[in-house]
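Summary of the model geometry
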Amino acid sequence: MSINSSVASPLRLIDPQISLSSQTRKLIIPEQFNSKEILPLKADHIWKIETGVVRSMTWNPEGKVITLGFWGEGDLVGNPLSQMNPYQLECLTPVEVSEISPSSYLQPALLVHAWKSEKFLSIIHQISVTDRFLSLLEWLSEEFGHPLANNQGKLINLRMTHQDFADTIGSSRVTITRLLSNFEQAGIIERFCNRHQHKLSNLCHLLCRQSLIFKG
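Predicted model only: the values in this text are computed from it and were never measured.

A look at the confidence of the model for the protein
Summary statistics for the protein give a mean pLDDT of 79 and a share of 77% for residues scoring 70 or more. Low pLDDT, under 50, characterises residues 1–26; the stretch is placed with 35 contacts to residues that sit more than four places away or in other chains. Here residues 195–209 scores under 50 on pLDDT; set against residues more than four positions off or in separate chains, the count is 15 contacts.

Printed below as a string of structure tokens:
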């Protein structure tokens with residue numbers, strides 16, 4: 001199932017940084033986090049993502065992870081923007097964030113969260129698990145993908161395991177593994193690891209570092 005991306009997304013109409021004075025910007029010192037690290041949460045501050053991709057998540061009483069959304073450059077994330085408990089922000093790539101007060105940005109940030117949540121819900125509530133997963137990959141490629149030369153596709157370089165994908169769309173790890181193989185055989189995606197990663201003996205670590213090229 002294809003997502004129509006021909007219409008300009010309203011998500012880009014709001015720049016949470018736009019009203020900051022140049023003097024205020026100089027006082028903000030970005031912090032850096034590695035892939036799979038958890039962003040610390042504060043009740044009275046939010047993070048502005050300068051670079052990288054973050055996944056917001058919670059889990060049910062049985063410990064099953066529930067993905068709430070994916071956030072990238074320019075997005076605001078943090079405790080003031082969610083009422084979920086537990087609530088966690090996981091870095092899917094190396095991330096650089098700036099800590100800001102939510103007072104001036106809470107309302108536009110909540111609006112952007114609502115728009116993105118609508119898109120995310122429209123993906124994960126499709127009836128067919130194949131459509132859900134394919135739509136998720138297409139959306140991730142549009143939001144966070146890196147275009148390759150000669151229109152070969154977009155690189156989705158997020159550190160997500162098969163289980164992470166399964167948790168996101170409400171499926172199983174076995175189903176995700178099967179669908180990835182099907183998509184690869186159909187020429188929809190390509191999977192690869194660099195030379196060093198091929199030598200890793202820990203399969204889970206290898207899966208975490210696998211990259212996807214979505215060929216739309």
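Okay, back to it.
What about the sheet that holds strand 5 (residues 76–77)?
Taken in spatial order, the four strands line up as 1-7-2-5 in an open sheet, and their pairing is antiparallel. Either end of the sheet is taken by a strand with one partner, and the two such strands are strand 1 (31–33) and strand 5. As paired strands, strand 1 and strand 7 (residues 95–100) are joined by three bridges and run antiparallel to one another. The partner of Gln32 across the bridge, within strand 7, is Glu96.

Side note on the side chain of His113
Mapped onto the fold, His113 is located in helix 2 (residues 106–124). Of the residues examined, His113 reaches a relative accessible area of 10% and is grouped as buried. For His113, the side chain forms a polar contact with the main-chain oxygen of Leu76, separated by 2.7 Å. The contact partners of His113, leaving out residues within four places of it in the chain, are Trp71, Leu76, Val77 and Leu81.

What counts and how
Residues numbered from 1 in each chain as written. Predicted model: local features only at pLDDT ≥ 70, side-chain atom pairs only at ≥ 80, totals over all residues. Heavy atoms only, no water. pLDDT = per-residue confidence, 0-100. Contact = heavy atoms within 4.5 Å. Pairing = 2+ DSSP bridges. Helix = DSSP H or I, 4+ residues; strand = E, 2+ residues; numbered from the N terminus. Buried < 20%, exposed > 50% of the residue type's maximum accessible area, 1.4 Å probe, protein only. Polar contact = N/O pair within 3.5 Å; in protein donor to acceptor, adjacent residues only side chain to side chain.

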